[in-house]
Every structure is written in C-alpha cells, then in structure tokens.
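Structure assessment
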Amino acid sequence: MVPLLLVLLLALVLFGAGFALKALWWVAIVVLVVWLLGFVARGTGASGSRGRWYRW
C-alpha cells in the first residue's frame, strides 16, 4: 500500500510542477510581448528624442 501511495504522490507532484512551469512560460511570454511593445509604442520627449517608456 505504501509504494502505491508514494507513486501517486510522485505523480501528483510532477503534474503540479509541470502545470506550474507551463503557466510560468505563458507569463514570461506575455511579459516579453509587453516589453517589446513598449519599444514600439514609446513616445517622443520634448526634445524630439525617444525616451524610455518605463520609470526605472
């Protein structure tokens, strides 16, 4: 009975880790797209030069 529970627990942990890693990949892709759009959509400053779109 104990080996069966250990195998089920291992499968549950691996499934949870796989789902979390897939979700983190999607978050990373969204952040990358927003970051790239920031370079395209940044406005021009008072002197006509293109400034940074982020505050830090």
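Going by the annotation in an unreviewed UniProt entry, the name recorded for the protein chain is Hydrophobic protein, with Kitasatospora paranensis given as the source organism.

**Let's talk about the overall build of the protein chain**
When helices and strands are tallied, the protein chain shows one helix and zero strands. By the burial criterion, 2% of the 56 residues in the protein chain qualify as buried. Carbon and sulfur atoms make up 79% of the accessible area of the protein chain, which amounts to about 5400 Å² in all.

**Re helix H1 (residues 2–41)**
An ideal rise of 1.5 Å per residue puts 58 Å on 40 residues; H1 measures up with 58 Å between its terminal C-alpha atoms. Summarising burial for H1: one of the 40 residues are buried, a small minority.

**Here we look at a nonpolar patch on the surface**
Together, Val2, Leu6, Leu9, Leu12 and Val13 make up a nonpolar patch on the protein surface, roughly 510 Å² of accessible area in all. Among the structural elements, Val2 can be located in helix H1. Its relative accessible area of 56% is what places Val2 among the exposed residues.

Reading guide: rules and limits
Residues numbered from 1 in each chain as written. Predicted model: local features only at pLDDT ≥ 70, side-chain atom pairs only at ≥ 80, totals over all residues. Heavy atoms only, no water. Helix = DSSP H or I, 4+ residues; strand = E, 2+ residues; numbered from the N terminus. Buried < 20%, exposed > 50% of the residue type's maximum accessible area, 1.4 Å probe, protein only. Areas by Shrake-Rupley, 256 points an atom, 1.4 Å probe, with all protein chains shown as cover. Expected span 1.5 Å × (residues − 1). Patch = residues over 30% accessible without salt bridge, like charges linked within 9 Å, V, L, I, M, F, W, Y side chains within 5 Å. Salt bridge = Lys/Arg side-chain N within 4 Å of Asp/Glu carboxyl O.

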